[in-house]
Amino acid sequence: MSQARFVQRHASDWRRLRSLLDGKADDGPPSTDVPAAAGAERAPPSQRPTERPSRRFPSLDRSPLASGVSLELAELHGRLVVQLAIARERGYASDLVEELNELLLRTHARVHAVPPPAPRNMLRWLLEVYPSRVRAQYPHLIAALLLFFAPMLLVGVATIHDPELVHTLLDPIEVMAYERMYDPDNTRRYGQAARDSGTDFLAFGFYLRNNTSIGFQTFVGGLLLGLGTVFYLVYNGLHIGAVLGYVTAIGHGEPLWSFIAGHSALELSAIVLSGAAGTRLGWALIAPGRRTRLRALHEAARDGVQLIYGASALFVLAAFVEAYWSSMVLVPAFAKYLSGIGLWLLLIVYLRRGGRSEMSPRPQVDDGGRRS
Amino acid sequence: MSESGHLATAATRVGGASDPAATANVSIDGLHWVETPEGGRLALHAAGPVNRARAFAIDFAIRVGLFLLLSTILESLGDLGFGLLLLAAFTLEWLYPVIGELCMHGATPGKRLVGLLVVNDDGTPVSAGRSVARNLIRFVDFLPLLYAFGLLSMFYAPGFKRLGDLAAGTVVVQLPVERAARWSTLGGTAHSPEATAEGTAMRTGAVTPVPLTREEQRLLLDFAARAMALGEPRASEIAATCPALTAGAADPLARLLHIAGRLEGGR
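Keep in mind the model is a prediction, meaning the values are calculated, not measured. (Residues numbered from 1 in each chain as written. Chains lettered and ligands numbered in written order. Predicted model: local features only at pLDDT ≥ 70, side-chain atom pairs only at ≥ 80, totals over all residues. Heavy atoms only, no water.)

**Thoughts on the overall build of chain B**
Along the backbone of chain B there are 14 helices and four strands. In chain B, which comprises 267 residues, the proportion classed as buried is 49%. For chain B, the exposed surface amounts to about 12200 Å²; the carbon and sulfur share of it is 66%. (Helix = DSSP H or I, 4+ residues; strand = E, 2+ residues; numbered from the N terminus. Buried < 20%, exposed > 50% of the residue type's maximum accessible area, 1.4 Å probe, protein only. Areas by Shrake-Rupley, 256 points an atom, 1.4 Å probe, with all protein chains shown as cover.)

**Thoughts on the overall build of chain A**
When its secondary structure is counted, chain A shows 11 helices and zero strands. Helices (α) and strands (β) of chain A occur, in sequence order from the N terminus, as α-α-α-α-α-α-α-α-α-α-α. In chain A, which comprises 372 residues, the proportion classed as buried is 50%. Within chain A, contacts between residues at least 6 apart in sequence are counted, and of these 76% link residues at least 24 apart. Only carbon and sulfur atoms are counted for the fraction: they give 64% of the accessible area of chain A, which is about 18100 Å². (Contact = heavy atoms within 4.5 Å.)

**Let's talk about the interface of chain B and chain A**
Contacts between the two partners involve 72 residues from chain B, matched on the other side by 64 residues from chain A. The tally of links from chain B across to chain A stands at two salt bridges. Of the charged contacts in the structure, one is a salt bridge between B:Glu93 and A:Arg209, with a shortest N-O distance of 2.9 Å. It is helix α3 (residues 78-103) of chain B that provides the largest number of residues to the side of chain B that touches chain A, a total of 12 residues. (Salt bridge = Lys/Arg side-chain N within 4 Å of Asp/Glu carboxyl O.)

**Considering the packing of helix α4 (residues 119-136) of chain A against helix α5 (residues 138-161) of chain A**
All names here are of chain A. Where α4 contacts α5, the two axes come as close as 5 Å, and the packing angle between them is 70°. Here α5 runs roughly perpendicular to α4, going by the angle between their axes. Side by side, α4 and α5 meet where Val134, Arg135 and Ala136 of the first sit next to Tyr138, Pro139 and Leu141 of the second. Along the lines of polarity and charge, the residues of the contact of α4 with α5 split into five nonpolar, no polar and one charged. (Axes fitted to C-alpha atoms, helices over the stretch in contact; angles between N-to-C directions. Parallel < 35°, antiparallel > 145°, perpendicular 65-115°, else oblique. Nonpolar A, V, L, I, M, F, W, Y, C, P; charged D, E, K, R; others polar.)

**Section: the side chain of A:His10**
All names here are of chain A. Looking at where histidine 10 falls in the secondary structure, it is placed in helix α1 (residues 3-21). Relative accessible area serves as the criterion here: at 15%, histidine 10 is assigned to the buried category. Polar contacts involving the side chain of histidine 10 include one to the side chain of glutamine 83, which spans 3.2 Å. (Polar contact = N/O pair within 3.5 Å; in protein donor to acceptor, adjacent residues only side chain to side chain.)

**Let's talk about the environment of B:Pro233**
All names here are of chain B. Within the secondary structure layout, proline 233 lies in helix α12 (residues 232-239). Here proline 233 falls in the exposed class, since its relative accessible area comes to 66%. Taking the C-alpha atoms as reference, proline 233 lies 9.6 Å from leucine 253; in sequence the two are 20 residues apart.

**Quick look at α4(A)**
In an α-helix, one turn spans 3.6 residues; hence positions three or four apart end up facing the same way. Residue and element names in this part refer to chain A. Between its first and last C-alpha atoms α4 spans 24 Å; for 18 residues at 1.5 Å apiece the expected length is 26 Å, and the two agree. Its axis deflected by about 45° at tryptophan 125, α4 carries its strongest bend there. Residues Val129, Tyr130, Pro131, Val134, Arg135 and Ala136 constitute the buried set of α4. Those residues of α4 hidden inside the fold are in contact with α5, α9 (253-286), α10 (293-326) and α11 (333-353). (Expected span 1.5 Å × (residues − 1). Bend = angle between axes of the 7 residues up to and from the residue.)

**Concerning the pairing of strand β1 (residues 31-35) of chain B**
Bridge count between β1(B) and strand β2 (residues 41-45) of chain B: five bridges; the pairing is antiparallel. Looking across to β2(B), one finds that B:Trp33 is bridged to B:Ala43. (Pairing = 2+ DSSP bridges.)

**Quick word on the pairing of strand β3 (residues 116-120) of chain B**
Residues and elements named next belong to chain B. In terms of burial, β3 is largely enclosed, as five of its five residues are buried. Burial along β3 is two-sided: the residues Leu116, Val118 and Asn120 and Leu117 and Val119 are all buried. Two strands pair when backbone bridges link them, and β3 and strand β4 (residues 170-174) are joined in this way by five bridges, in the antiparallel orientation. Looking at β4, one finds that asparagine 120 is bridged to threonine 170.

**Looking at the confidence of the model for chain B**
Residue and element names in this part refer to chain B. In the predicted model, chain B carries a mean pLDDT of 79, and the fraction of residues at 70 or more is 78%. Low pLDDT, under 50, characterises residues 20-24; the predicted model gives this stretch four contacts beyond four residues in sequence or across chains. Note on residues 180-204: pLDDT is under 50 here. Beyond four places in sequence and across chains, it has 41 contacts. Here the prediction assigns the complex a pTM of 0.77, and the interface score ipTM is 0.79. (pLDDT = per-residue confidence, 0-100.)

**Some details on the pattern of salt bridges**
All told, the structure shown has 18 salt bridges over all chains when counted by the stated rule. The shortest N-O distance in the salt bridge between A:Arg291 and A:Glu299 comes to 2.2 Å. Taking the relative accessible area as the measure of exposure, A:Arg291 reaches 15% and is therefore buried. Residue B:Glu215 is joined to B:Arg218 by a salt bridge in which the shortest nitrogen-to-oxygen separation is 2.7 Å. Of the two residues, B:Glu215 and B:Arg218 are both situated in helix α11 (residues 214-230); the distance of three residues between them amounts to about one turn of the helix.

**What to know about the nonpolar core**
Counting 68 residues, the largest nonpolar core has A:Phe219, A:Leu273 and B:Leu136 as the members making the most contacts within it. The leading source of residues in this core is α10(A), at 14 residues. If we ignore the near neighbours within four places in the chain, the residues touching A:Phe219 are A:Thr229, A:Ser274, A:Ala277, A:Gly278, A:Leu281, A:Gly304, A:Val305, A:Ile308 and B:Leu136. (Core = buried A, V, L, I, M, F, W, Y, C linked by side-chain atoms within 4.5 Å.)

**A look at the packing of aromatic side chains**
Summed over all chains, the structure comprises 17 aromatic pairs over all chains. An angle of 25° between the planes, with centres 6.1 Å apart, marks the rings of A:Phe216 and B:Phe90 as stacked. Placement of the pair is A:Phe216 in helix α7 (residues 200-220) and B:Phe90 in helix α3, with the two residues belonging to separate chains. Just as A:Phe216 is buried, B:Phe90 falls in that class too. Each member of the aromatic cluster is reached from another via a ring pair, and the members are A:Phe201, A:Phe204, A:Phe320 and A:Tyr324. (Phe/Tyr/Trp six-rings, centres within 6.5 Å; stacked < 30°, edge-to-face > 60°.)

**Re the side chain of A:Glu267**
All names here are of chain A. Checked against the element boundaries, glutamate 267 lands in helix α9. Separated by 3.2 Å, the side chains of glutamate 267 and asparagine 211 make a polar contact. Beyond its immediate sequence surroundings of up to four residues, glutamate 267 is in contact with Asn211, Phe315, Ala318 and Glu322.

**Some points on the packing of helix α2 (residues 49-74) of chain B against α3(B)**
Residues and elements named next belong to chain B. The contact between α2 and α3 brings their axes to 9 Å, and the two run at 170°. Of the possible angle classes, the one that applies to α2 and α3 is roughly antiparallel. Each of Asp59, Ile62, Arg63, Leu66, Phe67, Leu70, Ser71 and Leu74 in α2 lies in contact with α3, whose residues at this interface are Gly78, Gly81, Leu84, Leu85, Ala88, Ala89, Leu92, Glu93, Tyr96 and Pro97. Residue composition of the contact of α2 with α3, by class: 12 nonpolar, three polar and three charged.

Here it is, written out as structure tokens:
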């Protein structure tokens with residue numbers, strides 16, 4: 001069949017498909033008269049008044065299939081697949097093949113588009129699905145916990161015994177800043193060198209940006225065979241341990257620990273979650289099991305992003321608590337300790353029991369793809 | 001295939017949407033083939049580093065511009081403004097591409113200006129998790145300096161994927177430029193009078209003097225589509241390189257165009 005006959009035969013299909021994709025489904029019956037020139041499927045711009053001016057960006061909207069046109073759209077889609085294959089096989093002009101290819105891209109996107117999750121499902125996801133996702137990564141959680149807390153504990157204890165140790169990790173200006181931050185004689189706020197009223201929001205913005213950036217970097221550092229994640233976790237552990245040990249050793253313990261108590265549950269767990277996501281990435285590259293590294297990386301990135309969603313939420317909450325609650329001088333330390341313990345308990349219960357009913361099976365840990 | 005070889009070098013755009021199995025030599029186009037569940041094959045033009053760099057530059061300028069704009073606006077709000085500015089900085093650093101890809105039909109404004117689009121490996125619009133993954137991993141792509149890792153990955157991985165694309169399973173696609181409708185304008189070529197004469201001479205013969213493979217037929221059709229854009233001197237020059245097809249013709253270009261027209265079959 002010649003190209004002209006091919007175009008003549010199928011042009012009405014293509015026009016109908018375009019009008020469906022452009023959302024003008026009520027065009028009425030497609031016209032069957034075709035201009036004599038070959039390639040009539042492509043009329044010059046002056047003869048296409050109803051089409052949008054720029055057709056470079058197809059309408060790749062992600063809404064569900066509109067009811068009523070789905071069957072017709074699917075049928076036209078199936079026919080287009082065959083028509084494109086025929087056009088390629090018969091060596092028709094590249095322009096025509098290119099046009100059909102682009103049309104297929106648009107149709108394919110519309111037919112296979114996944115609608116975004118409904119908001120009510122997100123809450124359910126957060127409460128029920130997320131904890132089980134976290135539990136599924138428990139080897140990496142343990143690794144991240146060790147990498148983060150072990151250096152922290154070691155350096156913290158060492159620094160309490162020998163406060164001068166802090167100078168191997170921090171420069172003197174930082175040390176002085178930390179001394180000032182947790183000075184019991186602070187009038188208004190702990191945790192910031194010079195703060196006055198009205199800067200809680202500023203602190204919130206600062207903490208959120210600082211900590212979430214670190215969390216993200218901890219996660220994606222795992223791509224460097226896990227080394228980035230290890231570096232971030234260990235370095236932050238050492239740093240925090242040194243500060244904790246030093247400030248406690250010089251006697252500013254109570255402001256410091258009451259400051260930390262409030263948001264520690266949120267922030268430390270967010271860091272550990274980010275670290276677990278990072279080690280998951282790194283491990284996929286080091287030991288992909290029975291999958292190719294690329295495939296293992298895909299799955300690890302997918303799992304890691306799931307963890308990061310929760311970590312991000314925790315970072316935001318932690319910044320909020322840190323800015324508005326933890327730093328308040330006027331709140332007695334006892335209240336802060338209580339709230340801190342409360343948050344820890346809440347978090348542990350959420351992660352251990354969330355989404356787990358008596359009947360649900362144990363979540364499958366990633367085992368290198370040995371099971372299906 | 002020497003005649004069509006000449007034709008190929010002169011007239012064929014590199015990267016035609018042809019079946020790669022048919023070309024014996026290495027394909028130097030950046031086509032990313034997708035096999036759809038219906039059994040169809042979709043050719044996506046993967047965008048190369050240069051275009052992606054241009055899009056990034058535009059996006060970077062937009063981000064810097066937004067930040068400067070916000071900083072001047074929020075300056076007057078004191079610490080509240082500074083806090084908002086920090087939040088805005090965080091959003092612009094990490095979330096700007098995600099917002100662009102998910103809320104603006106798969107392309108940030110910079111990509112849109114260059115005509116790029118982010119899609120999943122299977123041709124569907126980029127999904128949320130993949131967009132987050134590829135844009136967070138942007139941090140690693142940027143190491144050690146100015147996207148060096150990302151560029152290396154683009155050169156080595158098929159489909160010009162940087163590390164974020166590899167991990168997330170996405171590909172950045174170049175949408176074809178809006179082409180002028182060449183078919184209907186070529187319906188009456190400048191060579192029509194001679195073409196008619198040629199037609200009389202060839203009416204009783206086969207469509208082409210020598211059998212052509214379908215690849216060669218496609219090249220001929222492409223040449224006919226581009227003949228006007230090439231300009232008549234150049235098109236005639238190219239036509240003169242095909243003695244097998246234009247043997248004995250007074251005007252080789254007209255003969256070739258006529259053969260192409262016969263191949264198309266609409267005349």
